2 protein chains.
Amino acid sequence: MSKLRFHISVSLDGYVAGPDQSEENPLGVGGEDLHQWVVELEAWRQQHGLDGGEVNVSTPVVEEALSNVGATVMGRNMFGGGPGPWSDDPPWNGWWGDNPPFHTPVFVLTHHPREPLEMEGGTTFIFVTEGIEPALEQAKRAAAGQDVVIGGGANVVQQYLAAGLVDEFELHVVPILLSDGERLLANVGRIGVEQVRAIEAPGVTHVKYRAAK
Amino acid sequence: MSKLRFHISVSLDGYVAGPDQSEENPLGVGGEDLHQWVVELEAWRQQHGLDGGEVNVSTPVVEEALSNVGATVMGRNMFGGGPGPWSDDPPWNGWWGDNPPFHTPVFVLTHHPREPLEMEGGTTFIFVTEGIEPALEQAKRAAAGQDVVIGGGANVVQQYLAAGLVDEFELHVVPILLSDGERLLANVGRIGVEQVRAIEAPGVTHVKYRAAK
């Protein structure tokens with residue numbers, strides 16, 4: 001069955017971005033450090049068209065997260081940043097260049113209607129103005145039995161969690177304290193979760209949860 | 001060398017107590033669920049003078065946390081709750097009955113001077129009015145080379161973390177979302193930590209950290 005899931009790096013104190021986020025520093029102060037464990041991995045670098053990289057205990061975790069993905073949903077800020085990019089000429093096509101790392105249809109939640117945007121490598125951005133549930137329905141249809149992954153940001157993750165629509169998620173808990181910034185697990189209410197597994201890896205602990213039955 | 005350390009159960013969203021804490025419900029709404037994994041363990045029950053209990057992957061984690069402890073420091077609320085208990089006649093002797101589960105000298109941070117209080121089973125409560133550093137010095141002297149453990153609450157843990165005095169800590173991450181209440185890792189600044197280990201256990205993940213060098 002097609003699941004809705006997400007996997008995200010989070011600081012020990014629960015932030016997915018540090019304070020003082022800006023267009024130059026979208027992850028905020030210290031936020032880059034959340035992703036150090038993954039950008040070093042061969043599995044991640046391959047997905048992004050890069051050579052080299054490490055293989056370690058995190059490798060099968062990342063491979064699993066990236067496999068069986070049929071569609072992606074993401075927030076407008078994840079796709080487009082501030083108001084600037086949307087009014088640019090030529091129009092803004094996302095942060096990722098001509099060949100984005102999704103290689104699936106990507107449903108972007110927005111209030112601004114726009115024609116679908118076909119990129120190289122199998123990524124097509126489809127702009128959905130009707131809200132999170134219609135976006136999920138369209139994504140599930142596009143995924144044709146494979147899973148739908150939430151690409152971020154925290155706000156979109158929170159909306160799907162609060163609505164009880166997430167089946168499974170994995171937190172990559174990184175040993176840093178950001179102290180301030182964008183918290184992941186806020187505004188979601190007291191939803192029930194069950195621990196699926198925990199894996200110790202170099203510089204990160206992967207903990208997977210599913211929605212409680 | 002004598003370390004300052006703590007180990008504490010924390011919800012997936014970072015709380016050590018739920019919302020609406022009161023004298024009848026000191027852990028707040030849902031807060032009791034944080035401790036379900038441990039109160040079922042034989043290792044915990046023995047320390048509290050109770051029979052029976054389970055042995056599982058959490059057992060050596062709890063045994064390690066309870067071993068080599070020479071002294072405890074704790075906050076006034078952890079010892080005494082609201083203003084009520086302090087003005088009781090006979091005087092309030094803590095939440096734990098005649099034989100508290102510490103079995104060490106316990107240094108209680110308070111603004112109210114009081115004579116030391118000797119209980120059964122090796123626990124003596126010593127009331128310190130000079131602040132966290134003098135309390136730690138006294139505790140280290142009493143511990144005579146063994147470790148000093150912070151007994152709680154979150155506010156005292158935060159003060160010692162922010163002051164850079166904590167050598168090591170273990171979080172028992174429980175798969176519940178409390179959504180509101182008392183957050184553990186707030187107000188501590190951007191202190192550096194390193195991951196020591198992570199252990200998956202039934203209904204909890206144990207992750208140990210040490211202060212970065």
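See above for the structure.
No experiment lies behind these values; they were computed from the predicted model shown.

Peer 1: Mind laying out the overall build of chain A, listing which residues take part and the relevant values?
Peer 2: The number of helices and strands found in chain A is seven helices and eleven strands. For chain A, whose C-alpha radius of gyration is 17 Å, the value lies close to the compact-globule estimate of 17 Å for 213 residues. Over its C-alpha atoms, taken along the principal directions, chain A stretches across nearly 45 × 40 × 35 Å. Looking at chain A as a whole, 48% of its 213 residues are labelled buried. Relative to all contacts within chain A whose residues are 6 or more apart in sequence, the contacts with residues 24 or more apart total 62%.

Peer 1: Account for the packing of aromatic side chains, naming residues and giving values.
Peer 2: Residues and elements named next belong to chain A. Inspection of every chain in the model, using the stated rule, returns 14 aromatic pairs over all chains. Taking 4.9 Å as the distance between ring centres and 85 degrees as the angle between the ring planes, the aromatic pair formed by W96 and F102 counts as edge-to-face. Overall, the relative accessible area of 21% leaves W96 in the partly exposed class. Taking the relative accessible area as the measure of exposure, F102 reaches 19% and is therefore buried. Taken together, the ring pairs connect F79, W96, F102, F125 and F127 into an aromatic cluster.

Peer 1: Summarise the interface of chain B and chain A; cite the residues concerned and give the values.
Peer 2: Interface size is commonly expressed as the accessible area that is lost once the parts come together. Counting residues at the interface gives 33 residues for chain B and 33 residues for chain A. Between chain B and chain A, the buried area comes to about 2500 Å², and carbon and sulfur atoms account for 53% of it. Summed over the three residues of chain B that lose the most area to chain A, namely L177, R190 and Q195 of chain B, the buried surface amounts to 27% of that side. On inspection of chain B and its partner chain A, the count reaches zero salt bridges. Counting only elements with at least two residues in the side of chain B that touches chain A, the list comes to β8 (168–174), β10 (193–201) and β11 (204–211) of chain B. By residue number, the principal contributor to the side of chain B that touches chain A is β10 of chain B, which donates eight residues. Each residue belonging to the side of chain B that touches chain A can be placed in one class, and the counts come to 20 nonpolar, six polar and seven charged.

Peer 1: Describe the pairing of strand β10 (residues 193–201) of chain A, with residues and values.
Peer 2: For a regular strand, side chains alternate in direction, first toward one face of the sheet and then toward the other. Residues and elements named next belong to chain A. Pairing between β10 and strand β11 (residues 204–211): eight bridges, direction antiparallel. Residue pairing for β11: Q195 is matched across the bridge by Y209. In this antiparallel pair of consecutive strands, β10 and β11, the connection spans two residues, and G203 shows a positive phi of 70 degrees.

Peer 1: If you had to explain helix α6 (residues 132–143) of chain A to someone new, which residues and values would you point to?
Peer 2: Residue and element names in this part refer to chain A. The terminal C-alpha atoms of α6, which comprises twelve residues, lie 16 Å apart, in line with the 16 Å expected from a rise of 1.5 Å per residue. Among the residues of α6, I132, A135, L136, A139 and A143 are the ones counted as buried. Relative to the axis of α6, the buried residues are bounded by an arc of 100 degrees and lie together on one face. Close packing links the buried residues of α6 with β1 (4–11), β3 (69–75), β4 (105–109), β6 (124–128), β7 (147–152) and α7 (154–162). Remark: A144 follows α6 within two positions and exhibits a positive phi of approximately 50 degrees.

Peer 1: Kindly report on the side chain of T59 of chain A, identifying the contributing residues and their values.
Peer 2: Counting through the fold element by element, T59 of chain A comes out in helix α3 (residues 58–66). If we ignore the near neighbours within four places in the chain, the residues touching T59 of chain A are L41, A43 and E54 of chain A.

Peer 1: Let's hear about the sheet that holds β11 of chain B: which residues, and what values?
Peer 2: Strands sit in the order β5-β6-β4-β3-β7-β1-β8-β11-β10 (chain B) across an open sheet of nine strands; the sheet is mixed. The sheet terminates laterally at β5 (117–118) and β10 of chain B, the two strands that pair on one side only.

Peer 1: Run through the sheet that holds strand β8 (residues 168–174) of chain A, naming residues and quoting values.
Peer 2: Residues and elements named next belong to chain A. Spatially, β5-β6-β4-β3-β7-β1-β8-β11-β10 is the arrangement adopted by the nine strands of the open sheet, whose pairing is mixed. At either margin of the open sheet sits one strand with a lone partner, and together these are β5 (117–118) and β10. With two bridges connecting them, β5 and β6 associate as antiparallel partners. Bridged to L117 within β6 is F125.

Peer 1: An account of the relation of the copies chain B and chain A is needed here, citing residue identities and associated values.
Peer 2: Rotating chain B by 180 degrees and translating it 0.0 Å along the rotation axis places it on chain A, where the RMSD comes to 0.0 Å. Interpreted geometrically, this transformation is the action of a two-fold axis. In this assembly, 100% of the residues forming the interface of chain B have copies in chain A that are likewise at the interface, indicating an isologous arrangement.

Peer 1: An account of the environment of Q146 of chain B is requested, with residue identities and associated values reported.
Peer 2: Residues and elements named next belong to chain B. Locating Q146 in the fold gives a position in the loop between α6 (132–143) and β7 (147–152). On the accessibility criterion, Q146 (31% relative accessible area) is partly exposed. Beyond its immediate stretch of four places on either side in the chain, Q146 contacts S2, N68, V69 and G70. In terms of polar contacts, Q146 uses its side chain to reach the side chain of N68, at 3.4 Å.

Peer 1: Tell me about the pattern of salt bridges, and please be specific about residues and values.
Peer 2: All names here are of chain A. Enumeration over the complete set of coordinates arrives at 14 salt bridges over all chains. E170 serves as the salt-bridge partner of R197, at 3.0 Å between the closest nitrogen and oxygen. With R197 in strand β10 and E170 in strand β8, the pair connects residues that are 27 residues apart, well separated along the chain. Of the two residues examined, R197 and E170, each falls in the buried class. Two residues, R210 and E194, come together in a salt bridge whose shortest N-O distance is 2.9 Å. Taken as a pair, R210 in strand β11 and E194 in strand β10 lie far apart in primary sequence, 16 residues in all. Taking relative accessible area as the criterion, R210 reaches 34% and is therefore assigned partly exposed. In this structure, a network of salt bridges that share partners links the residues K3, E64, E168, E170, R197 and K208.

Cut-offs used in this document
- Residues numbered from 1 in each chain as written.
- Chains lettered and ligands numbered in written order.
- Predicted model: local features only at pLDDT ≥ 70, side-chain atom pairs only at ≥ 80, totals over all residues.
- Heavy atoms only, no water.
- Helix = DSSP H or I, 4+ residues; strand = E, 2+ residues; numbered from the N terminus.
- Rg over C-alpha atoms; globule rule 2.2 N^0.38 Å.
- Buried < 20%, exposed > 50% of the residue type's maximum accessible area, 1.4 Å probe, protein only.
- Contact = heavy atoms within 4.5 Å.
- Phe/Tyr/Trp six-rings, centres within 6.5 Å; stacked < 30°, edge-to-face > 60°.
- Buried area = accessible area lost by both parts, 1.4 Å probe.
- Salt bridge = Lys/Arg side-chain N within 4 Å of Asp/Glu carboxyl O.
- Nonpolar A, V, L, I, M, F, W, Y, C, P; charged D, E, K, R; others polar.
- Pairing = 2+ DSSP bridges.
- Expected span 1.5 Å × (residues − 1).
- Arc of directions from axis to C-beta.
- Least-squares fit on C-alpha atoms with pLDDT ≥ 70 in both.
- Polar contact = N/O pair within 3.5 Å; in protein donor to acceptor, adjacent residues only side chain to side chain.

Nothing here speaks to function; it is geometry throughout.
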